[in-house]
Structures are given as C-alpha cells and as structure tokens.
Amino acid sequence: MHSFRIKQIFTLTLLTSLLVISEFNVAKGQCPALTKRVYANNVSANTTLLLSSIDNSGLAIDADPKTAATLNCVVGVLGALGNASLDFSWSSSPTIKAGTAVKIKLGMGNGLLGVLPNLTVVGLKKGFLGATVEISNKSTVSPTLLNLLPGDNTVEYTYTPEEDSFAIRVNLGAVVGLAQTAKVFDVYTLQPTTTLDCTKGDVLDIIYGVKDIGIGALSVTVGVENPWNSVDGNPDTYAVMHTGAGILAQAREKIIFSSPSLPTDSVKIITSTGTSLLNINLLTGFSIQRYLGDTPVGVPLDASSNLLIVKLFANNTRAAIILAPTPSSYDRIEILYGGVAGVLSTVNIHEVQRVTSTKLPSAIDIDNNIAVCKGAIISLPTPLDACTTFEWYDAPVNGNLIPGTSINTSSYSAGIKKFYIQPIRNSCKLLTRGIATVTINEPAINIISPQSLCQDVLSTTFPFTISNCNPTQYNIIWSQEALNAGFTNVDFINLPGTLPLSIPITVPGRATANYGNYQGMITVKNASTTGSSIPINVIIKQTPEKPTVTLK
C-alpha cells in the first residue's frame, strides 16, 4: 500500500503554492493563448426503416454539454438493418476547410457498442448535380481503440476532414441481432479568442465513464454517477465514482477548464466515502493525468507523487485531494479511480475547483493569517502575471464587493475578521476565492488592578505592561462616586516610559476620609486609533486604630 502525507486541520486552507516555480511554457508576464468553442448550429436528422429513430436532435446544437440527441438503431423487419444519422453545419462557416479539427462529444451506450462498433463520422460535400456525397475519409469511432469498456461513457472524438465539406455526419448503423444507441452532445471547432465567455463557468465540460486497463472485460460495474454534481458549486452534492471489483477497469472523469493553468494554480478535489477517512488511504487506486488539449502533460500523478496532498476536514468525513502548482500548463485533468486491489467500492467527488495563489503581501505564508493594529491598511495580492487581478469581498461566494485595492481596518471593530479575495482571470470571476483571516488589535496595556491602600496614604500607582499596538497616551474617567470623593479625571497625556512602567494616581483627602471601592476606566491610544476602556479600582481600607499600650 502506498503511503501518503496527511494533515489534520480544523479549517481547510487552500494549498496554493507548494513549489518554487522555475519554468513555464508561457513567457513570464504573458498569458496563455485562449480558444473558444464554435458550436454547430444547424442539424438535420435522417433515418432508414421505421425502427430506427432519433430523439431530441435539437439538443445536439444547444451548446449545452449536459444535453444530447440520441440515435437509436434496432433490427428491422425480416432482419433488415437501419441507420440513424445527424448532419451538422455552421451558419458562420458554410465551408469546413480540409484539415479543420472537428470535436464531437459522444455518449457510448450500455449495449455491445464497445465490441461491435458501428458509429462513424464523415464529412459531406456536393457531388454530381448537387447531390450530397460523403468525402473520402470516413472514421469509425471504436471504443476499443479509445480504451473504453461497455458502460455509460462519454468521449470527445476528433475528426479531421481531408476535403472541404459543408457538413459533418454522425451515423449509427444497426448490427444484426443487436439494438444500439449513441448520444451526440455537441459538435464544435476550436477557434483562437482574446476573451472568454464568463457565463460558461471555469469548467466547460466533463468527459466521464469507464476506462479499460488492458483486461478487456465485457461487463463491469465501474463508472461515474451524476458527474456534473462535482462542479455545481454545492458542497453537499457529489458525483460518485464506482470501482466495482476494482481491478477490471477504472472510473474516469475528465474536467475541461475554461483556460490553461498558470504556475500559481492548483486544483482542489473535495471527497468523501460516507465514513470516517482518518484511517483510509484515499490515494490508493487514485491518479490524475494532466492534459493540454489532447496532449498529456507529464506522467499520471498518484500516491507516490509529491504533487498530490491530502488534507482532512475537521470532522474526518471529508478530505481535499490537492494537485499542487506545477510549472507546466494544462487545461484539463482526468481523474482515474480503481484498477488495483484494495480500493474502496465508491468515492464521492463533491467539488473540483481550480484555485490560484491569493497570498497577501503582508502575510508570512499562504494561509493568510495576519495580525494588524487597528488603522492598518491591508493591500490585495500583487498580481504575478498579466492575466490575473484581484478584488475584495465580504463572503466566500456572492456577498458584497469591498471597493478599492486595500482595506482600512479603522472601519472595523477589534477581533477576528474574515475577508475574501476574488481572482479575476481573463476578465472572468471564475476561480475560487481565497480567504484572509485578520486579527485586528487595538492599542492595549495589561494593568494590575485593583490597588489597595489605607486611609492615610495619599497616592498609589498602577503597574502596567504594553500588550498591543504601542499605545503612547492614556486617559482616566472616574465614576461619579469617585468624582464626588475628589478623584480627578485625566485627559490624554503621555504614558510613563520609565521602567518599571506604572501610572500614578493621586488619592484626594476626602477619599481617605471615606474608605471604599472607587472605580474608573482607563483608555490608551496611539497616533492612529484608540483602544477599548478597561476598568481600574482603588480600594481605600480603614486604617486600623493604633493599639493602646498600658505600662504596669
């Protein structure tokens, strides 16, 4: 069993910087190139035989990665075979140039499609007398070649026409004796852009299902249930990764982000299993593969990697698996679970979030726990790249914008305050907010009170030490009873600076005539703010009568 590091914490702190970043595939100060999806917005449906059908064809052009059209093919009358196809085109680009990569998000059904593939993709052109004909390179979508097993699978398939085409056809053909279905979620190309559509969120898409690990099983109880729950922003919902027997296949969930990562970015995966995680090795059978587009970035990261860290929540029922910042850029991660003995049968994925460093200039570490004197100015993090800026908020989500680049703590009472730092990447507020926990202190002293004296003593002192924020002056406000006895209020004057530190008190003669407890409040301040008042007491004790000595 692999070993891994685990840390017990009472508040989950985002790990946003673990490495010294020495290289990056985007020049320092520049931003990675951005792309956008251009979705096909026209579709025509075609079927042969009555028993072939297409459901909800419009869902394949709605630019929603969660919805799909369904192609259905069954065995026809007397064994005749049917076909169901969808033809896609773009109003903005009537001609799909040869060599253009067309992306198709497909859903592979639960039948034997993985064994007998009959799903094809081909470009269409105009032939003799304007007839629609297929171009020369037709591609067969083979789950076997994609390392997929039968099950609820989705895949992002790339088709590149070798001739100019006016449409792309996705066709499902029936197989003798077998009913088959396939889903088409979207068809799109990728185009360069300088701006992102912030309404799409930081997660553009999820590709999920079952991955073959070389055994080639025909039926496995492995897969991902409710995958979109893992990115819905609700910590109480979750996707479920099922591993079944654990050694036949891996559950897979590929998260596609809106833009490439930067060196300060990390990924946080909140997990649970329904029981305490204190003595469970979550990283057994767990790995993450980074990608930039379709190209793998580095090797899969597992329990042996220094880049994966596990942090338990306070109640031990949830944990964060954190992918630390890496020098190499990536725009998607594939989470794989299972494939080895000893794994849990299921693991819940509550949230997958991309976070970036929000370390304050005044903080000593990434936890952003700082103590300041009231009146101090707290500045936002210094941007480390040209793509990211920051804003202050008063809540971890939604909440109110705190205007400006700095917070003046004079506007807040003393105590522990939490502020939230919203990264703005490529003009979008999509990344998770960081937290700054600020202890606001006032000028304060520790004073030794009460002071007791006899009726015939006309002065006393209050020893003190400075505890916070270097107060320089003090005042004393006495109670009405003390004022009536002759004590005098003290307006702000300089604190004594000679050791040992003590504040002198003059006791009026009238007070000595009336023994009792005289109360006041002392307040200290520095050049920028005034601290809270603290009580002081002078206790006048009755002087004992002198003993009478009789000589015999």
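Residues numbered from 1 in each chain as written. Predicted model: local features only at pLDDT ≥ 70, side-chain atom pairs only at ≥ 80, totals over all residues. Heavy atoms only, no water.

A closer look at the overall build of the protein
- When helices and strands are counted, the protein shows two helices and 39 strands.
- Looking at the protein as a whole, 47% of its 552 residues qualify as buried.
- Carbon and sulfur atoms form 54% of the exposed surface of the protein, whose accessible area is close to 25,900 Å². (Helix = DSSP H or I, 4+ residues; strand = E, 2+ residues; numbered from the N terminus. Buried < 20%, exposed > 50% of the residue type's maximum accessible area, 1.4 Å probe, protein only. Areas by Shrake-Rupley, 256 points an atom, 1.4 Å probe, with all protein chains shown as cover.)

Overview of the pairing of strand β17 (residues 249-257)
- Extensive coverage of β17 is indicated by the burial of nine of its nine residues.
- Alternating positions in β17 separate into two faces, Ala249, Ala251, Glu253, Ile255 and Phe257 on one and Gln250, Arg252, Lys254 and Ile256 on the other, with burial throughout.
- Pairing of strand β14 (residues 203-212) with β17 involves nine bridges; the strand directions are antiparallel. By the bridge assignment, Val203 is partnered in β17 with Phe257. (Pairing = 2+ DSSP bridges.)

What about the sheet that holds β17?
- One open sheet accounts for five strands, arranged β14-β17-β23-β19-β20; its pairing is antiparallel. Among the strands making up the open sheet, the edge pair consists of β14 and β20 (295-301). Averaged over all adjacent pairs, the angle separating strand axes in this sheet is 20 degrees, with direction ignored. (Axes fitted to C-alpha atoms, helices over the stretch in contact; angles between N-to-C directions.)

What about the pattern of salt bridges?
- Applying the stated criterion across every chain, the model contains 14 salt bridges.
- Among the salt bridges present, the one from Asp202 reaches Arg354, with a minimum N-O distance of 2.7 Å. Linking Asp202 in the loop between β13 (180-193) and β14 with Arg354 in strand β24 (residues 346-356), this pair joins segments that are 152 residues apart in sequence. One exposure class covers both Asp202 and Arg354, and it is buried.
- Three or more residues are tied together by salt bridges with common partners; here these are Arg37, Lys105, Glu156, Asp205, Asp331 and Arg332. (Salt bridge = Lys/Arg side-chain N within 4 Å of Asp/Glu carboxyl O.)

Focus on the confidence of the model for the protein
- Per-residue confidence for the protein gives a mean pLDDT of 86, with 86% of residues at or over 70.
- Segment residues 112-116 is flagged for pLDDT under 50; beyond a separation of four residues in sequence, or across chains, it makes 14 contacts in the model. (pLDDT = per-residue confidence, 0-100. Contact = heavy atoms within 4.5 Å.)

Section: empty space enclosed by the protein
- The full count for this structure, using the stated rule, is three cavities of 30 Å³ or more.
- Estimates place the volume of the largest cavity at around 40 Å³.
- Around the largest cavity, the lining residues are Leu196, Asp202, Ser258, Ser259, Arg354, Arg425, Asn426, Leu430 and Leu431.
- Here the residues of the lining of the largest cavity are counted per class, giving three nonpolar, three polar and three charged. (1 Å grid on protein atoms, 1.4 Å probe; cavity = no way out; pocket = protein on both sides within 12 Å on 5 of 7 lines; lining within 4 Å. Points joined across faces, edges and corners; volume = space filled by probe spheres on them. Nonpolar A, V, L, I, M, F, W, Y, C, P; charged D, E, K, R; others polar.)

Concerning the packing of aromatic side chains
- Overall, the coordinates contain six aromatic pairs when judged by the stated rule.
- Here the aromatic rings of Trp392 and Phe419 are separated by 6.2 Å at their centres, their planes lie at 75 degrees, and the arrangement is edge-to-face. With Trp392 in strand β27 (residues 388-393) and Phe419 in strand β30 (residues 415-425), this residue pair connects regions lying 27 residues apart in the sequence. For the pair Trp392 and Phe419, one class covers both residues: buried.
- Seen in terms of ring centroids, Tyr412 and Phe419 are 5.2 Å apart; in terms of plane orientation they differ by 85 degrees. Their pairing is edge-to-face.
- Overall, the relative accessible area of 26% leaves Tyr412 in the partly exposed class. (Phe/Tyr/Trp six-rings, centres within 6.5 Å; stacked < 30°, edge-to-face > 60°.)

Re the environment of Ser410
- Topologically, Ser410 is positioned in the loop between β29 (406-408) and β30.
- On the basis of relative accessible area, Ser410 is assigned to the partly exposed category, the value being 38%.
- When the C-alpha positions of Ser410 and Ser528 are compared, they lie 8.6 Å apart, and in sequence the two are 118 residues distant.
- Discounting chain neighbours no more than four positions away, the residues touching Ser410 are Lys374 and Gly375.

Let's talk about the sheet that holds strand β33 (residues 451-454)
- Strand order across the open sheet formed by five strands is β33-β39-β38-β35-β36, with mixed pairing between neighbours. Only two strands of the sheet have a single neighbouring strand rather than two, namely β33 and β36 (490-494). The sheet shows a mean angle of 25 degrees between the axes of neighbouring strands, taken without regard to direction.
- Strand direction decides the pairing type here: strand β35 (residues 473-478) and strand β38 (residues 516-525), joined by six bridges, are antiparallel. Following the sheet pairing, Asn475 is matched in β38 by Thr523.

Regarding the nonpolar core
- Membership of the largest hydrophobic core comes to 41 residues, with the highest contact counts inside it found for Met241, Val267, Ile269, Phe286, Leu323, Ile333 and Val352.
- Aside from chain neighbours lying at most four places away, what touches Leu323 is Ser266, Val267, Ile288, Arg290, Leu301, Leu307, Leu308, Tyr330 and Ile333.
- With 33 residues, the next largest nonpolar core counts Ala40, Ile104, Val121 and Leu124 among its residues. (Core = buried A, V, L, I, M, F, W, Y, C linked by side-chain atoms within 4.5 Å.)

Quick look at the state of the cysteines
- Across all of its chains, the model carries three disulfides by this definition.
- Covalent S-S linkage joins Cys31 and Cys387, the inter-sulfur distance amounting to 2.0 Å. Looking along the S-S bond of the Cys31-Cys387 disulfide, the torsion reads about -130 degrees, which is the left-handed sense. Here the residue Cys31 occupies a position in the loop between β1 (6-8) and β2 (34-39), and Cys387 occupies one in the loop between β26 (377-379) and β27, the gap between them amounting to 356 residues.
- Classification of Cys387 by relative accessible area gives buried; the value is 7%.
- When the cysteines engaged in disulfides are numbered in sequence order, the protein pairs them as 1-4, 2-5, 3-6. (Disulfide = S-S within 2.5 Å.)

Section: unusual backbone geometry
- Along the chain, Ser449 connects to Pro450 via a cis peptide bond; the corresponding omega equals 5 degrees.
- Of note, Pro450 is situated in the loop between β32 (444-447) and β33.
- With an omega of -10 degrees, the peptide bond between Leu499 and Pro500 qualifies as cis.
- With respect to the helices, strands and loops of the structure, Pro500 is situated in the loop between β36 and β37 (502-506).
- Of note, Ser427 is a non-glycine position whose phi angle comes to about 70 degrees, a positive value.
- Note on placement: Ser427 falls in the loop between β30 and β31 (434-441).
- Residue classification places Ser427 among the exposed residues on the basis of a relative accessible area of 67%.

Regarding the environment of Asn526
- Structurally, the position occupied by Asn526 is in the loop between β38 and β39 (534-541).
- The exposure class assigned to Asn526 is buried, which follows from its relative accessible area of 13%.
- In the structure, Asn526 is positioned 54 residues away from Thr472 in sequence and 5.1 Å away in space, judged by C-alpha atoms.
- A distance of 2.9 Å separates the side chain of Asn526 from the backbone oxygen of Cys469, its partner in a polar contact.
- Polar side-chain contacts of Asn526 include one of 3.0 Å to the backbone nitrogen of Ser528. (Polar contact = N/O pair within 3.5 Å; in protein donor to acceptor, adjacent residues only side chain to side chain.)

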